[in-house]
Amino acid sequence: MAMLSVNGLAVSYGAIKAVKGISFDIDEGEIVTLIGANGAGKSTTLNTIAGLIKPDAGSIKFKGEELVGIKPHKIVERGLALCPEGRRVFTHMTVAENLDMGGYTRTDAENKETLEVVYEHFPRLKERINQVAGTLSGGEQQMLAMGRALMSRPKLLMLDEPSMGLAPILVDEIFEIIETLNKNGTTILLVEQNANMALKVAARGYVLETGKIVKTGTGAELLVDDDVRKAYLGG
Amino acid sequence: MTFLTQVLNGLQLGSIYALVALGYTMVYGIILLLNFAHGDIIMVGAYISWIVMSQLGLSPALAIVLSIVGCAGLGVLIDKVAYQPLREAPRMSLLITAIGVSYFLENGAQLVFGADAKVVPEYFDLPNLSVGGVGLSANAIITIVVTAVSTVLLTILVQKTKLGKAMRAVSEDMGAARLMGINVNNTISFTFAVGSALAGIGAVLYSMAYSQATPTMGIMLGTKAFVAAVLGGIGSIPGAVIGGLLVGFAEVFVSAIGLSVWQDAVVFLLLIIVLVVRPTGILGRPMTEKV
């Protein structure tokens, strides 16, 4: 059984239909990516799974249980975390406080343990522990946002545009960390405009176009697919 | 009256304004609402003390506890009933609702208790202290100490505890706070509870000083405290305290030099000057648009 299965999901903002009945699933241990242009509905899909937006129709089943209608903070407790687009770290709070907030649903003892794991993945956060998050560089903020999401000990981690606005060397670093996290047992749903990088690490991918899934396949298949190459990989 | 007595009076009045301003600033900090019903919560607190002591003949200690708890409960109730349904609504709707709640409480109190002032009995029979020949009111000293302790506790709550950090997270980015697993509505309710409990403490201290409750007592008190919060920089806890003390001192010293008719005008003049010279207030953060 799939860990997450989305069926016929439709979401709109007022009169604008952002997601028009998409279905996809993720098995435990996989990296699955949703790729597509700006406005294809990728972030909307993630925000809906996280419970921030109510869908018009469709179901979202996580480990067999329906998520639609459940409050975002309850969804976090069930083991699903979203690292949002644009990082959205708490800029007036310190790195330590941001990580603290990430572990809000966990006990202090659990957080102490998880913190060690997060520092292992992101040693730079440990160096900046008392620094106010707003003064971190973009790459460091992305690491903080991911570390913060990990603090809730998610079974499924959703990453929304983790490479956005980062220098190429940092993009490589972030993707290496994504692969390591996955090897250590975290299932990952990755949304990216950097389709090339995303498809290289993903087991499977779905291509979204104006709210619909137009193509699916393994990462390797999509990487060499003519349409995908033309549309998203620069020929 | 000596200078020292005036300083003490200024500190006493300023402390009460500071406590009330803290409530304004906390609620503004978390949901960007100028909660115009905040002053009226104090009025309700004063009436609770009056009911418990005068009408029921129960102990002042119980009156104090029930005033504080009652105000905290009322704050939460107002949030749940009036503001929570408007979380996603434009800020103007929220502001108008707050004004509506304020009128509701004032007129409700007038309906229930009548328009005339009720005398709140003395909580404690306190002697005036005399230090080196200068008379010091025990009420003033209690007020100042209670305010100082409340401010310190509030600062610890907001800076160090899990709930306090959640309050700051919600105030900065509600959506991101939700993604952390923070129950945003409960966190906001908690903020109202704390802010209104401070108003309850303010109600008790105010009743100690002025011994009366009227349905409209919260208007001027609330407005002055609001001025104090803006003066100090709305959203800032130390700012609210500084603003409160400034307003208190301004009033007392204007009266002391024989211009007591002008004391309200001076407070509002102070506000106008600050808004012109430094619109974010003394300790306010410059406004940055969220993107």
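This one's a predicted model, so the numbers in the text were calculated from it and none came from an experiment.

S.K.: Which residues make up the overall build of chain A, and what values do they have?
M.R.: Across its full length, chain A carries ten helices and ten strands. C-alpha atoms of chain A, sized along the principal axes, occupy 45 × 40 × 35 Å. Considering chain A as a whole, with its 235 residues, one finds that 55% of them fall into the buried category. A total of about 9,900 Å² of accessible surface is found on chain A, and carbon and sulfur atoms cover 49% of it. For chain A, the centre of its 26 positive side-chain charges and the centre of its 30 negative side-chain charges are spaced 5 Å apart.

S.K.: Describe the pattern of salt bridges, naming the residues involved and giving the relevant values.
M.R.: Evaluated as defined, the whole model comprises 18 salt bridges over all chains. Measuring nitrogen to oxygen at the nearest pair gives 3.9 Å for the salt bridge that ties A:Glu77 to A:Lys74. In this pair, A:Glu77 and A:Lys74 both sit in helix H2 (residues 72-77), three residues apart, roughly one turn of the helix. Given a relative accessible area of 40%, A:Lys74 falls into the partly exposed group. The salt bridge partner of A:Glu97 is B:Arg168, with a shortest N-O separation of 2.8 Å. Remark: B:Arg168 occurs in helix H6 (residues 162-172) and A:Glu97 occurs in helix H3 (residues 95-102); the pair is interchain, linking two chains. One exposure class covers both A:Glu97 and B:Arg168, and it is buried. Overlapping salt bridges bring together A:Asp25, A:Glu30 and A:Arg204 as one network.

S.K.: How would you sum up the packing of aromatic side chains? Please name residues and give values.
M.R.: Residues and elements named next belong to chain A. All told, the structure shown has ten aromatic pairs over all chains when counted by the stated rule. Plain terms: the ring middles of Phe24 and Tyr206 are 5.5 Å apart, the flat faces sit at 55° to each other, and that makes the pair tilted. Pair noted here: Phe24 is in strand S2 (residues 16-26) and Tyr206 is in strand S9 (residues 204-209), with a separation of 182 residues, a long-range link. By relative accessible area, which is 2% here, Phe24 ends up buried.

S.K.: Requested: an account of the pairing of strand S10 (residues 212-218) of chain A, with residues and values cited.
M.R.: Note: S9(A) against S10(A), six bridges, orientation antiparallel. By the bridge assignment, A:Val207 is partnered in S10(A) with A:Lys215.

S.K.: Residues and numbers for the sheet that holds strand S3 (residues 31-36) of chain A, please.
M.R.: Residue and element names in this part refer to chain A. Overall, mixed pairing links the six strands, which are arranged S6-S7-S8-S3-S9-S10 in an open sheet. Two strands lie at the open edges of the sheet, namely strand S6 (80-83) and S10, each paired on one side alone. Across the sheet, the mean angle from the axis of one strand to that of its neighbour is 15°, orientation sign disregarded. Its contacts with the sheet place helix H6 (residues 138-150) against S6 and strand S7 (156-160), and it is angled at close to 170° to S6.

S.K.: For the nonpolar core, give the residues involved together with the corresponding values.
M.R.: The biggest cluster of nonpolar side chains holds 113 residues, and the ones touching the most others in it are A:Leu4, A:Phe24, A:Ile49, A:Leu189 and B:Tyr83. With near-sequence residues (within four places) excluded, A:Leu4 lies in contact with A:Phe24, A:Asp25, A:Ile26, A:Ile49, A:Ile60, A:Lys61, A:Phe62, A:Leu80, A:Leu156 and A:Leu189. Of all hydrophobic cores here, the second largest spans 44 residues; its members include A:Leu150, A:Ile174, A:Ala195 and A:Leu223.

S.K.: Residue-level account of the environment of B:Glu251, with values.
M.R.: All names here are of chain B. Mapped onto the fold, Glu251 is located in helix H10 (residues 237-256). For Glu251, a relative accessible area of 4% puts it in the buried group. Separated by 14 residues in sequence, Glu251 and Ala265 have C-alpha atoms that sit 9.3 Å apart. Discounting chain neighbours no more than four positions away, the residues touching Glu251 are Leu13, Tyr17, Lys224, Gln263 and Val267.

S.K.: Just give me the short version of the sheet that holds strand S1 (residues 4-13) of chain A, but keep the residues and values in it.
M.R.: Residue and element names in this part refer to chain A. The antiparallel open sheet is built from four strands, whose spatial order is S2-S1-S4-S5. Unpaired on one side and paired on the other, S2 and strand S5 (65-66) mark the two borders of the sheet. Pairing analysis gives two bridges linking strand S4 (residues 57-62) to S5, with the strands arranged antiparallel. The residue of S5 that forms the bridge with Lys61 is Glu66. With respect to the sheet, helix H1 (residues 42-49) is in contact with S1, S2 and S4, its orientation differing from that of S1 by roughly 115°.

S.K.: How would you summarise the interface of chain A and chain B if you had to cite specific residues and measurements?
M.R.: Counting residues at the interface gives 22 residues for chain A, matched by 19 residues for chain B. Each partner contributes to the roughly 2,000 Å² buried at the junction of chain A and chain B, and carbon and sulfur atoms together form 62% of this total. For the pair chain A and chain B, the interface holds three salt bridges. B:Lys165 is the salt-bridge partner of A:Asp100, the closest N and O atoms lying 2.7 Å from each other. Where chain A packs against chain B, one counts eight residue pairs in polar contact (both at pLDDT 80 or more). Only H2 and H3 of chain A provide two or more residues apiece to the side of chain A that touches chain B. If you tally residues by element for the side of chain A that touches chain B, the top one is H3(A), at four residues.

S.K.: Give me the lowdown on the packing of H6(A) against helix H7 (residues 168-183) of chain A, citing residues and values where you can.
M.R.: Residue and element names in this part refer to chain A. Two elements in contact, H6 and H7, have axes separated by 10 Å at closest approach and are oriented at 15°. By the criterion of interaxial angle, the relationship of H6 to H7 is roughly parallel. When you trace H6 past H7, the crossing you get is right-handed. Where H6 approaches H7, its residues Gly139, Gln142, Met143, Met146 and Leu150 are matched on the opposing element by Leu170, Glu173, Ile174, Ile177, Ile178 and Leu181.

About the criteria used
- Residues numbered from 1 in each chain as written.
- Chains lettered and ligands numbered in written order.
- Predicted model: local features only at pLDDT ≥ 70, side-chain atom pairs only at ≥ 80, totals over all residues.
- Heavy atoms only, no water.
- Helix = DSSP H or I, 4+ residues; strand = E, 2+ residues; numbered from the N terminus.
- Buried < 20%, exposed > 50% of the residue type's maximum accessible area, 1.4 Å probe, protein only.
- Areas by Shrake-Rupley, 256 points an atom, 1.4 Å probe, with all protein chains shown as cover.
- Lys, Arg positive; Asp, Glu negative; His and termini not counted.
- Charge placed at Lys NZ, Arg CZ, Asp CG, Glu CD.
- Salt bridge = Lys/Arg side-chain N within 4 Å of Asp/Glu carboxyl O.
- Phe/Tyr/Trp six-rings, centres within 6.5 Å; stacked < 30°, edge-to-face > 60°.
- Pairing = 2+ DSSP bridges.
- Axes fitted to C-alpha atoms, helices over the stretch in contact; angles between N-to-C directions.
- Contact = heavy atoms within 4.5 Å.
- Core = buried A, V, L, I, M, F, W, Y, C linked by side-chain atoms within 4.5 Å.
- Buried area = accessible area lost by both parts, 1.4 Å probe.
- Polar contact = N/O pair within 3.5 Å; in protein donor to acceptor, adjacent residues only side chain to side chain.
- Parallel < 35°, antiparallel > 145°, perpendicular 65-115°, else oblique.
- Left-handed = near helix turned anticlockwise from the far one by under 90°.

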